[in-house]
Structure formats: structure tokens, C-alpha cells
Amino acid sequence: SSGKSTLINALIGADFFVTNAIQGTTTVITKLTYSDTINLQLKYKSGEKLSYSRNESYILKRYLTDDYDRLSGIEKFVMKLKGWFGLNGFDSHFHKVFDVITTSNEVSAELDEVIVYYPSPILQNGLVIVDTPGTDSLIPEHNQITQRAIKDVCDLALVVVPATTPLSMTLVDFLEANLRDNIQKCRFIVTKIELLRKEIERTHLMNGVTKRIEQLLNVEEPIVIAAPTLV
């Protein structure tokens, strides 16, 4: 609930990722990469792979049983037929499936990662954006997933620091434990900055966050960026 998914939505220019007030909304490593068409791929720890374009019928039956049961026989047949040719695309079920598989602890326990293919200009040159659970989740598995993403997946880490809890000790401890050797590759994004109405308050906050990063994490001249939600 620090504003990670909101930031990603702003970067890609679309209200795509789930955003709400529940802590630790994202429960699985979710990669966002470029494609001319929107698609979804599920990679399981067992080695199984499912593509929305080819397996929509099976995915709906597995994760949105009620929605699948409400489809007519003809709709189910057409969906399966299109799947044989990889022609199922972005439809009314897509977001519901995406929400279930990326916010359910039961589902994420089976998954290794989720890949979203999306036609955003920012992704065209090979950039891959990775969304993870937070570092202060009450669920230990969330921290482990985030730790693995930082160590094994990401080249650059955008550390989201909400203005409401500027650089908490929980976050400092997590960074110390998991990014000590790579702390210089971090960029610190201060979100929800608009909650501070006065310019002097925002200036004090940014200066305070910068000093805490320097002192607590031993980072010289850290890059700290203000990110209002409405951007």
C-alpha cells in the first residue's frame, strides 16, 4: 500500500494494476513487458505454463468457475476454438483473472511468476517492469518473494517510500539485509507527496528522507524523487 502499483500504472499510462488500501495487494512476482497485443502468461513452480491467448477456457474454469459456468455452450466452444489458434485476447474476463492470480495467496503459492504483455511505448526498447509484494507485509512469504526478485531478477530497484511513513525502520532493515551489496542501484521514489499541502513541508520531507538514507544506509548522494499520486 505504498503506491507501487499506482506508480507502475503511471509509467505505462494505463490503470492496469490493482490498487487498493489492503496491505500487500500484489502476492507474486509480476513482470510487465512489451507486445503489440495484451496477453498474460502464468509460469508455475511445477514447470507448467499457461497463456491467456491459448488457455483462456481452462484458466476461467480453474480460477473463475462461476463466470465460466455462466457462459453458454456456444461461448465456451468459440473460446476453446480460438484458443487452438492462440486468438483469445483482452476481454471482460482478463482483468478479473489477473486480479485473482496476482492478489491471492493460495494461487501465488503455486506460481513462479506472472508475465503481462502490454503495448506501452515505455516498454518498446526492452525495458521490463517488475511488480512485487511489499517489504513490510505481515505475510513472511511476501518478503521472500520480494527478496528473490531484487536479488535474481531486477537490474535497478525503485524503492517506494510513502510520505506517510518516510523510510520506516522496517524498510531500512529490509534494504540492509537484502540490498547491502546493491544499494547504489536503488532509486528512492517518495509517493503520496501531495498529502503535504505546503511546499515547505514537502521540502523538509524530501530533505529528511535523503538524510536518513545517507545516514542509515550509507548511500552517498542518493537519488530521491517526489512522485505525487496524480502524476
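Just so it is clear, the structure is predicted and the values come from calculations on it, not from any experiment.

**Student:** Would you take a moment to explain the pairing of strand E7 (residues 186-191) for this structure?
**Tutor:** Across a regular strand the side chains alternate sides, sitting on one face of the sheet and then on the other. The element E7 is extensively covered by neighbouring structure, given that 5 of its 6 residues are classed as buried. Between the parallel pair strand E6 (residues 157-162) and E7, the chain is carried across by helix H8 (residues 169-178), and the sense of this crossover is right-handed. With 4 bridges joining them, E7 and strand E8 (residues 224-227) adopt parallel strand pairing. Each bridged residue has a counterpart across the sheet, and for Thr 191 the counterpart in E8 is Ala 227. Read as a crossover between parallel neighbours, the route from E7 over helix H9 (residues 199-217) to E8 is right-handed.

**Student:** What's the story with the packing of helix H2 (residues 52-63) against helix H4 (residues 73-84) in this structure? I'm lost.
**Tutor:** Each pair of packed helices can be summarised by the angle the axes make with each other and by the distance between the axes. Between H2 and H4, the least distance of the axes is 6 Å, while the angle of their chain directions is 145°. The way H2 lies across H4 gives a crossing that is left-handed. Counting all contacts with H2, which are made through Ser 53, Arg 54, Glu 56, Ser 57 and Leu 60, the residues of H4 involved are Met 79, Lys 82, Gly 83 and Trp 84. Of the residues contributing to the contact of H2 with H4, the split by class is 3 nonpolar, 3 polar and 3 charged.

**Student:** Help me understand the sheet that holds strand E4 (residues 111-118), please; the structure alone is not making it clear to me.
**Tutor:** The strands that make up a sheet pair up through hydrogen bonds in the backbone, lying either parallel or antiparallel. Here we have 5 strands laid out as an open sheet, ordered E3-E2-E4-E1-E5, and mixed in their pairing. Each end of this open sheet is capped by a strand with a single partner; those strands are strand E3 (49-51) and strand E5 (129-131). Recorded for the sheet is a direction-independent mean angle of 20° between the axes of neighbouring strands. Against the sheet, H2 makes contact with strand E2 (39-44) and E3, and its axis sits at roughly 105° relative to E3, the strand it touches most.

**Student:** How should I be thinking about the pattern of salt bridges in this particular structure?
**Tutor:** When their charged atoms lie close together, side chains carrying opposite charge are able to pair. Scanning the entire structure with this criterion turns up 7 salt bridges. One network of salt bridges, with partners in common, ties together Lys 31, Lys 43 and Glu 113.

**Student:** What should I look at first to understand the state of the cysteines in this one?
**Tutor:** By definition, a disulfide links two cysteine residues through a covalent bond between their sulfur atoms. The full count for this structure, using the stated rule, is 0 disulfides. Its sulfur unpaired, Cys 154 is 10 Å from the next cysteine sulfur, which belongs to Cys 186. Assessed through its relative accessible area of 3%, Cys 186 is described here as buried.

**Student:** Sorry if this is basic, but what is going on with the sheet that holds E6 here?
**Tutor:** In space, the 3 strands of this open sheet follow the order E6-E7-E8, with parallel pairing throughout. Every other strand in the sheet has two partners, leaving E6 and E8 as the edge strands with one partner each. The mean angle between the axes of side-by-side strands here comes to 30°, regardless of whether they run parallel or antiparallel. Against the sheet, H9 engages E7 and E8, with an angle of about 145° to E8.

**Student:** Honestly, the side chain of Asn 88 in this entry has me stumped. Any pointers?
**Tutor:** With respect to the helices, strands and loops of the structure, Asn 88 is situated in the loop between H4 and helix H5 (94-103). In terms of polar contacts, Asn 88 uses its side chain to reach the backbone carbonyl oxygen of Met 79, at 3.0 Å. The contact partners of Asn 88, leaving out residues within four places of it in the chain, are Tyr 52, Ser 53, Glu 56, Met 79, Lys 82 and Gly 83.

**Student:** So what exactly am I meant to see when it comes to H9 here?
**Tutor:** Since the α-helix packs 3.6 residues into each turn, any two residues three or four apart lie on the same face. The end-to-end C-alpha separation of H9 is 27 Å, in line with the 27 Å expected for 19 residues at 1.5 Å each. Residues of H9 that are buried: Leu 205, Met 206, Val 209, Ile 213 and Leu 217. Down the axis of H9, the smallest arc covering the buried residues is 95°, so these residues share one side. Exposed and oriented more than 90 degrees from the buried face of H9 are His 204, Lys 211 and Gln 215. Summarising the contacts, the buried residues of H9 are in contact with H8, E7 and E8.

Criteria and thresholds
- Residues numbered from 1 in each chain as written.
- Predicted model: local features only at pLDDT ≥ 70, side-chain atom pairs only at ≥ 80, totals over all residues.
- Heavy atoms only, no water.
- Buried < 20%, exposed > 50% of the residue type's maximum accessible area, 1.4 Å probe, protein only.
- Helix = DSSP H or I, 4+ residues; strand = E, 2+ residues; numbered from the N terminus.
- Right-handed = clockwise from strand over helix to strand, strands pointing away.
- Pairing = 2+ DSSP bridges.
- Axes fitted to C-alpha atoms, helices over the stretch in contact; angles between N-to-C directions.
- Left-handed = near helix turned anticlockwise from the far one by under 90°.
- Contact = heavy atoms within 4.5 Å.
- Nonpolar A, V, L, I, M, F, W, Y, C, P; charged D, E, K, R; others polar.
- Salt bridge = Lys/Arg side-chain N within 4 Å of Asp/Glu carboxyl O.
- Disulfide = S-S within 2.5 Å.
- Polar contact = N/O pair within 3.5 Å; in protein donor to acceptor, adjacent residues only side chain to side chain.
- Expected span 1.5 Å × (residues − 1).
- Arc of directions from axis to C-beta.

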